[in-house]
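Overview (structure and organization)
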Amino acid sequence: MAAPAPLEENAALLLEARDAGGVLRLTLNRPGARYALSVGLMAALIEALQQAGADPKTRVVVIAGAGPGYCAGHDLRELRSDPRRETYQRAFARSSELMQIIVRLPKPVIAEVHGIATAAGCQLVASCDLAVAAADARFATPGVNIGLFCSTPMVALTRAIGRKAAMEMLLTGELIDAATARSLGLVNRVVPAGELRRATDALARQIAAKSSFSVALGKEAFYRQAELDLAAAYAYASEVMARNMMAADAEEGIEAFLGKREPVWRDR
């Protein structure tokens with residue numbers, strides 16, 4: 001979790017950049033607080049993600065950090081500045097809203113992780129659909145060390161990795177390295193620090209080149225079926241496949257495959 005630090009004033013909490021291929025890069029920009037998730041930064045992320053979801057030109061979103069670390073969790077200085085139950089409830093509800101927006105967004109979201117990702121920062125990584133980490137990245141849910149169990153990060157963590165591994169992280173608060181995070185399923189790829197941006201961009205562009213219709217349909221189905229029992233999951237997935245087969249992009253994709261040519265997506 002973020003140690004006390006001065007709050008930034010007159011600075012953009014979130015930097016936005018979009019490339020010609022439809023990849024939107026959102027960069028956390030709170031170096032004075034180790035990129036902690038203040039209420040203002042969470043609001044900026046929610047707004048940017050909602051706009052990305054409605055923008056047909058945005059095909060993939062990358063969430064990165066601006067400086068030596070990724071995200072140190074919630075801003076403890078901000079939380080303690082108004083020590084009332086309702087203040088804490090609002091802040092954690094806002095965080096939960098942010099994480100659910102990432103999961104429900106009809107565009108893939110990739111975490112680009114370097115340095116430290118702890119507490120709600122680790123939750124942010126776990127909530128993203130994919131994660132690429134620099135070899136020097138470290139992850140932890142260290143709330144237990146300061147008497148504040150990482151209960152909301154736990155929700156995302158237990159859905160990203162195995163229960164025993166998640167419980168060990170939550171109970172010990174220990175940092176794990178990028179290689180361990182990959183072995184647990186918290187991140188997809190680990191690359192040298194100097195290649196992080198290049199590797200993330202390559203993955204984002206590979207996904208951005210797919211049919212945005214089928215990707216959105218598939219992402220929604222992925223998370224929904226995971227909450228169902230086996231029979232219900234297959235019944236639901238069968239309906240999704242049938243719907244997908246009726247789409248213009250499926251027709252184009254199949255014809256392109258059979259004709260040994262590249263498909264031209266209409267995103268519908």
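In the block above lies the structure referred to throughout.
Residues numbered from 1 in each chain as written. Predicted model: local features only at pLDDT ≥ 70, side-chain atom pairs only at ≥ 80, totals over all residues. Heavy atoms only, no water.

1. Overview of unusual backbone geometry
For the record, the criterion: Each helix corresponds to a stretch of at least 4 residues labelled H or I by DSSP, and each strand to a stretch of at least 2 residues labelled E; elements are numbered beginning at the N terminus. Partly exposed residues are those whose accessible area sits between 20% and 50% of the maximum for their type, while under 20% is buried and over 50% is exposed, using a 1.4 Å probe and protein chains only.
For K260, which is not glycine, the phi torsion reads 55 degrees and is therefore positive. When you line up the elements, K260 lands in the segment after α11 (248-258). Phi angles above zero are rare outside glycine, and D267 is one such case at about 60 degrees. With respect to the helices, strands and loops of the structure, D267 is situated in the segment after α11. Classification of D267 by relative accessible area gives partly exposed; the value is 29%.

2. Quick look at the state of the cysteines
Defined as follows: Any pair of cysteine sulfurs within 2.5 Å is marked as a disulfide.
Inspection of the entire model under this criterion finds 0 disulfides. C122 takes part in no disulfide bond, and the closest cysteine sulfur to it belongs to C150, at a distance of 8.3 Å.

3. As for a nonpolar patch on the surface
What counts, and what does not: Like-charged residues are merged into a patch within 9 Å and nonpolar side chains (Val, Leu, Ile, Met, Phe, Trp, Tyr) within 5 Å, provided each residue has over 30% relative accessible area and no salt bridge. Note on areas: these come from Shrake-Rupley sampling with a 1.4 Å probe, and a residue is covered only by the protein chains present in the view. Between Lys or Arg on one side and Asp or Glu on the other, a salt bridge is scored when a side-chain nitrogen of the former is within 4 Å of a carboxyl oxygen of the latter.
On the surface, a nonpolar cluster with roughly 330 Å² of combined accessible area is contributed by V144, F149, M167 and L171. Note on placement: F149 falls in the loop between β7 (138-140) and α5 (151-160). Judged by relative accessible area, which is 33%, F149 ranks as partly exposed.

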